[in-house]
Amino acid sequence: LSWSMGREIWRAGGFFQDPQKAGAFLASVIAFLVVLAARGHFAGSRLRWLVWAAIAIGFAAILTTIARTAIVACLAVCSIMLLAFNRWGGVAKLLIVSGLVVLGLLIAILPSGALQGLVPDAVTTRFERLGVEFLIRLQIWIDTWEMFAERPLTGIGPGTFQSYLIDTRPGMAGYYGIG
């Protein structure tokens, strides 16, 4: 259940209860289809158009999940797959890389609000917080690395993350806003 513009919205239950899981699933399927298509498994058949249409629709669908990690991973893996594991010649690969660079530069020089109307507000809000949330996740990673460095063989034990933080950071409260 969620609310949008004062209306009660019931999301369909079933396979994906969490949009983050849906994002990871879509990213995996898209990457798999890109690898198959780039390797030429559908060359010469009418099915190739359906596969490329599924890839395009999948990219549009993954944006609605707001799963930033899945979006970035999907784009990175698909780009690597298209360049590394295909049967295209060097000229085609150079054109693709050049096109991606030009597209990236065009997006980079656009005014900050130019693309804002194209995506839902929830997506825009999540991407605006990307830098802050990256720093929080980096700090959590550093903290867990300290735990690993202190006890590389045994770890701190299941369910003891909170007590470990209380012991090692006695003055900290509301650890990264998660208690």
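Above this note sits the structure.
All figures in this text were calculated on a predicted structure; none of them were measured in a lab.

About the cut-offs
Residues numbered from 1 in each chain as written. Predicted model: local features only at pLDDT ≥ 70, side-chain atom pairs only at ≥ 80, totals over all residues. Heavy atoms only, no water. Helix = DSSP H or I, 4+ residues; strand = E, 2+ residues; numbered from the N terminus. Expected span 1.5 Å × (residues − 1). Buried < 20%, exposed > 50% of the residue type's maximum accessible area, 1.4 Å probe, protein only. Axes fitted to C-alpha atoms, helices over the stretch in contact; angles between N-to-C directions. Parallel < 35°, antiparallel > 145°, perpendicular 65-115°, else oblique. Contact = heavy atoms within 4.5 Å. Nonpolar A, V, L, I, M, F, W, Y, C, P; charged D, E, K, R; others polar. Arc of directions from axis to C-beta. Phe/Tyr/Trp six-rings, centres within 6.5 Å; stacked < 30°, edge-to-face > 60°.

### Notes on helix 3 (residues 68–84)
With 17 residues, helix 3 should cover 24 Å at 1.5 Å per step; its first-to-last C-alpha distance of 24 Å lies within 8% of that length. The complete set of buried residues in helix 3 reads R68, A70, I71, C74, C78 and M81.

### Details of the packing of helix 6 (residues 130–150) against helix 7 (residues 161–168)
Their axes nearest at 12 Å, the elements helix 6 and helix 7 cross at an angle of 90°. In terms of orientation, helix 6 and helix 7 fall into the roughly perpendicular class. Contacts from T144, E146, M147 and E150 of helix 6 reach helix 7 at F161, Y164 and L165. Along the lines of polarity and charge, the residues of the contact of helix 6 with helix 7 split into four nonpolar, one polar and two charged.

### Comments concerning helix 6
The end-to-end C-alpha distance of helix 6 is 30 Å, a good match for the 30 Å that 21 residues give at a rise of 1.5 Å each. Those residues of helix 6 that sit buried are E133, D143 and M147. The buried residues of helix 6 occupy an angular sector of 85° when the element is viewed end-on, so they sit on one face. Facing away from the buried side of helix 6 by over 90 degrees, the exposed positions are F134, L135 and W141. Looking at the buried side of helix 6, the elements it contacts are helix 3 and helix 7.

### Focus: the packing of aromatic side chains
Going through the model one piece at a time under the given rule, you end up with two aromatic pairs. Their ring planes at 10° and their centres at 6.0 Å tell us that W141 and W145 sit as a pair that is stacked. Highlighted residues: W141 and W145, both in helix 6, separated by four residues, approximately one helical turn. Ring geometry for W145 against F148: centres 5.2 Å apart, planes inclined by 40°, an arrangement best described as tilted. In this pair, W145 and F148 both sit in helix 6, three residues apart, roughly one turn of the helix. We classify F148 as partly exposed; its relative accessible area is 43%. Here the aromatic cluster, defined as three or more aromatic residues joined through ring pairs, consists of W141, W145 and F148.

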